[in-house]
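What follows is each chain in one-letter form.
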Amino acid sequence: MPLAVELEGVAFGYRPGQRVLEDVSLGIGEGEFVAIAGPNGGGKTTLVRLVLGLERPMQGSALLFDEPAHRSSRRHALGYLAQRSELGADAPTTVREVVSAGRLAAGGLLGPLRKRDRALVSEAIARVGLAEVADRPLRTLSGGMQQRAFIAKALAAEPSLLVLDEPTTGVDAESQESLAGLLDRLHSDLGVTILYVSHEFGAVEGFVQRLVLVRRTIVFDGPPGDLPGVWHDPSHVHARE
Amino acid sequence: MLESEFMRLALAAGAVVGILAPAVGFFLVQRRQSLIGDGIGHVAFAGVAAGLLLDVAPVLTALVAAVVGGVAIEVLRSRGGTAADQALALVFYTGIALGVVLVSAAGALDVGLYQYLFGSILTVTRGDVALVAILGAVGLATVGLLYRAFAGISIDEEGARVAGVPIGALNIALAALAAVTVALSMRVVGILLVAALMVLPVSAAALVAWSMRSTFVLSLAIGLGSALAGLTISYYADAPPGGTIVLVAAGTYVVALAGRVIRGR
């Protein structure tokens, strides 16, 4: 299986002498649905930033579709939902306008969106079930619906890799389950590689093929069913160390 | 009023600036950089002073200083590890201090400065209006071309960065556009009030609009309306045009806010 993501012997810290991640080796095949879990402060978001090329390893290598992540030629095909995704703009911004921003890299920077881009935006909105509120300001919608709008924005880029960093933060339990179901459908229908990063993986445990537990290094990598019972609460990774 | 050529010229220049200032200011407000216009204005003051000292057209030196200052603010903000407000403060105060020293050296620390600080739209010439129209058209065309890119990075900068959108280049383009707008608006509302015309119409529009695009279009309409209404009022009331234009824009904000409060009840 060709690899979407390949980390080999990666070490990283934000300051000299600091090690947020150490000796991390991880391969994620194209089309896989993988959850990356671990306690807060365990290095999950840093790992994501390395995968996305926003940081460069101090040691080892981070490859994205076989190219160094920080200068990957396929960046336009990355769908990214940042931790606590929220609207940057102050003006009332509709769901359609938010999702249209997802076509910026792939659709070109200049001039208005082309017909195909507009069709992809509408398709992404429909896929996450927001067609009826497409022209409503995002801030008038619930947290779960806003999260779906940002997922639609990521989908509008026709991503080969969809990365979600703590997508359930601030979202109620019902919306978390609904989000997990949506991601499972997207994975089945589109075959997109999904990297789901969260300190709580319970919502997606039934859907993901692999679970990777991170606490500075990878402490578990396998099917969720193989996870030792004591680790079902990822905070137990602390106890083990 | 329209039989006077100076008013026809003033209205033409005011119309261009009334549209361009909120068109550029719209994206500064969305990116929470509302005060950048003010910072650039202070650097433009140093440019005016340099022009007076060197006996070069102050508008041209102000344009150069504003572009350099605008780009410097952006570079300091994004690469220097300097917080946005500190970068602004650094450029802000250096600009005004340099301006005062240069103006003093030029022996021009007198009422002649007033026209640059608060505008002197009633003294614009046909040549001034032509310059404002040409640079204004170029500025508006650039905004039109880059509207989607500026809107996209305002909505989700981190997502755009991950997707490989050249955020740094777009931020510098926006800073340069803001600098051109400040230099062009100098004769209309003055260095000290230009930021108001970039921000107030946008803030007023956001109170009543229903989408990003409608906010943009409404802010242009409010900017244009404020410029034309302000000039008309200043003509009949014999009031300073720059200040009157900004007061009309501020009044529009208050009306929009009141409308929103009443609607919300």
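Below is a summary of the structure that appears in this document. (Residues numbered from 1 in each chain as written. Chains lettered and ligands numbered in written order. Predicted model: local features only at pLDDT ≥ 70, side-chain atom pairs only at ≥ 80, totals over all residues. Heavy atoms only, no water.)

1. Thoughts on the sheet that holds strand 5 (residues 67–68) of chain A
What links the strands of a sheet is backbone hydrogen bonding, and the strands pair in either a parallel or an antiparallel sense.
Residues and elements named next belong to chain A.
Next, step 1: Ordered in space as 2-1-4-5, the 4 strands form an open sheet in which the pairing is antiparallel. The open sheet has two edge strands with one neighbour each: strand 2 (21–29) and strand 5.
Next, step 2: Contacts from helix 1 (residues 44–51) reach strand 1 (3–12), strand 2 and strand 4 (59–64), with the element oriented near 120 degrees to strand 1. (Pairing = 2+ DSSP bridges. Helix = DSSP H or I, 4+ residues; strand = E, 2+ residues; numbered from the N terminus. Contact = heavy atoms within 4.5 Å. Axes fitted to C-alpha atoms, helices over the stretch in contact; angles between N-to-C directions.)

2. Some words on the packing of aromatic side chains
Next, step 1: For the structure on display, the rule yields 10 aromatic pairs over all chains.
Next, step 2: With 4.9 Å between their ring centres and 90 degrees between their planes, Phe12(A) and Tyr14(A) make a pair best called edge-to-face.
Next, step 3: Residue class for Phe12(A) comes out buried when judged on its relative accessible area of 5%.
Next, step 4: Both rings, one in Phe6(B) and one in Tyr235(B), keep their centres 6.5 Å apart while their planes meet at 40 degrees; by these two values the pair is tilted. (Phe/Tyr/Trp six-rings, centres within 6.5 Å; stacked < 30°, edge-to-face > 60°. Buried < 20%, exposed > 50% of the residue type's maximum accessible area, 1.4 Å probe, protein only.)

3. Some thoughts on the environment of Val246(B)
Residue and element names in this part refer to chain B.
Next, step 1: If you trace the backbone, Val-246 turns up in helix 11 (residues 241–264).
Next, step 2: Along the sequence, Val-246 and Val-56 sit 190 residues apart, while their C-alpha atoms lie 29 Å from each other.
Next, step 3: With near-sequence residues (within four places) excluded, Val-246 lies in contact with Val-189, Leu-193, Ala-196 and Leu-200.

4. A few points about unusual backbone geometry
Residue and element names in this part refer to chain A.
Next, step 1: The residue Phe-65 is not glycine, and still its phi comes out positive at about 50 degrees.
Next, step 2: Relative to the elements of secondary structure, Phe-65 occurs in the loop between strand 4 and strand 5.
Next, step 3: Owing to a relative accessible area of 8%, Phe-65 belongs among the buried residues under this scheme.
Next, step 4: Backbone geometry places Arg-216, a non-glycine residue, at a positive phi of 70 degrees.
Next, step 5: Topologically, Arg-216 is positioned in the loop between strand 9 (210–215) and strand 10 (217–222).

5. Brief notes about the interface of chain B and chain A
Next, step 1: Taken together, the contacts link 28 residues of chain B with 33 residues of chain A.
Next, step 2: Buried surface at the junction of chain B and chain A, summed over both partners, amounts to about 2400 Å²; 60% is from carbon and sulfur atoms.
Next, step 3: The largest contributions to the chain B side of the interface with chain A come from Arg148(B), Ile155(B) and Val162(B), which together make up 32% of the buried area.
Next, step 4: Viewed at the interface, chain A and chain B are joined by 2 salt bridges.
Next, step 5: Joining chain B to chain A, the criterion identifies 9 residue pairs in polar contact (both at pLDDT 80 or more).
Next, step 6: Elements supplying a minimum of two residues to the side of chain B that touches chain A: helix 1 (5–30), helix 6 (126–155), helix 7 (157–162) and helix 10 (212–237) of chain B. (Buried area = accessible area lost by both parts, 1.4 Å probe. Salt bridge = Lys/Arg side-chain N within 4 Å of Asp/Glu carboxyl O. Polar contact = N/O pair within 3.5 Å; in protein donor to acceptor, adjacent residues only side chain to side chain.)

6. Description of the pairing of strand 1 of chain A
All names here are of chain A.
Next, step 1: As defined by bridge partners, strand 1 adjoins strand 2 across 6 bridges and the pair is classed as antiparallel. Paired with Val-10 across the bridge in strand 2 is Val-24.
Next, step 2: In the sheet, strand 1 pairs with strand 4 via 5 bridges, with the strands oriented antiparallel. Within strand 4, the position partnered with Val-5 by the bridge is Leu-64.

7. Re the sheet that holds strand 8 (residues 193–197) of chain A
All names here are of chain A.
Next, step 1: Taken in spatial order, the 6 strands make up an open sheet running 6-7-8-3-9-10, and their pairing is mixed. Every interior strand has two partners, whereas the edge strands, strand 6 (78–81) and strand 10, have only one. Here the strands of the sheet are splayed against their neighbours by 15 degrees on average, with no regard to which way each runs.
Next, step 2: Where strand 3 (residues 33–37) and strand 9 come together, 4 bridges link them in parallel fashion. Paired with Ile-36 across the two strands is Val-212, which belongs to strand 9.
Next, step 3: With respect to the sheet, helix 5 (residues 143–156) is in contact with strand 6 and strand 7 (161–165), its orientation differing from that of strand 6 by roughly 165 degrees.

8. Details of the pairing of strand 7 of chain A
All names here are of chain A.
Next, step 1: Among the 5 residues in strand 7, 5 count as buried, and that is most of the element.
Next, step 2: Of the pairings in the sheet, the one linking strand 6 to strand 7 comprises 4 bridges and is parallel in character. The residue bridging Gly-79 from the neighbouring strand is Leu-162, located in strand 7.
Next, step 3: Bridging between strand 7 and strand 8 involves 5 bridges; their strand directions are parallel. Residue pairing across strands places Leu-162 opposite Ile-194, the latter belonging to strand 8.

9. Re the pattern of salt bridges
Next, step 1: If you walk through the whole model with that rule in mind, you get 19 salt bridges over all chains.
Next, step 2: Of the charged contacts in the structure, one is a salt bridge between Arg19(A) and Glu22(A), with a shortest N-O distance of 3.9 Å.
Next, step 3: Overall, Arg19(A) belongs to the partly exposed group, its relative accessible area being 27%.
Next, step 4: One salt bridge connects Arg126(B) with Glu5(B), and the closest N-O pair in it is separated by 3.1 Å. With a gap of 121 residues between them, Arg126(B) in helix 6 and Glu5(B) in helix 1 connect regions that are remote in the sequence.
Next, step 5: Overlapping salt bridges, with partners in common, bring together Arg49(A), Glu55(A), Arg31(B), Glu157(B), Glu158(B) and Arg161(B) in one network.

Geometric values such as these leave the question of function open.
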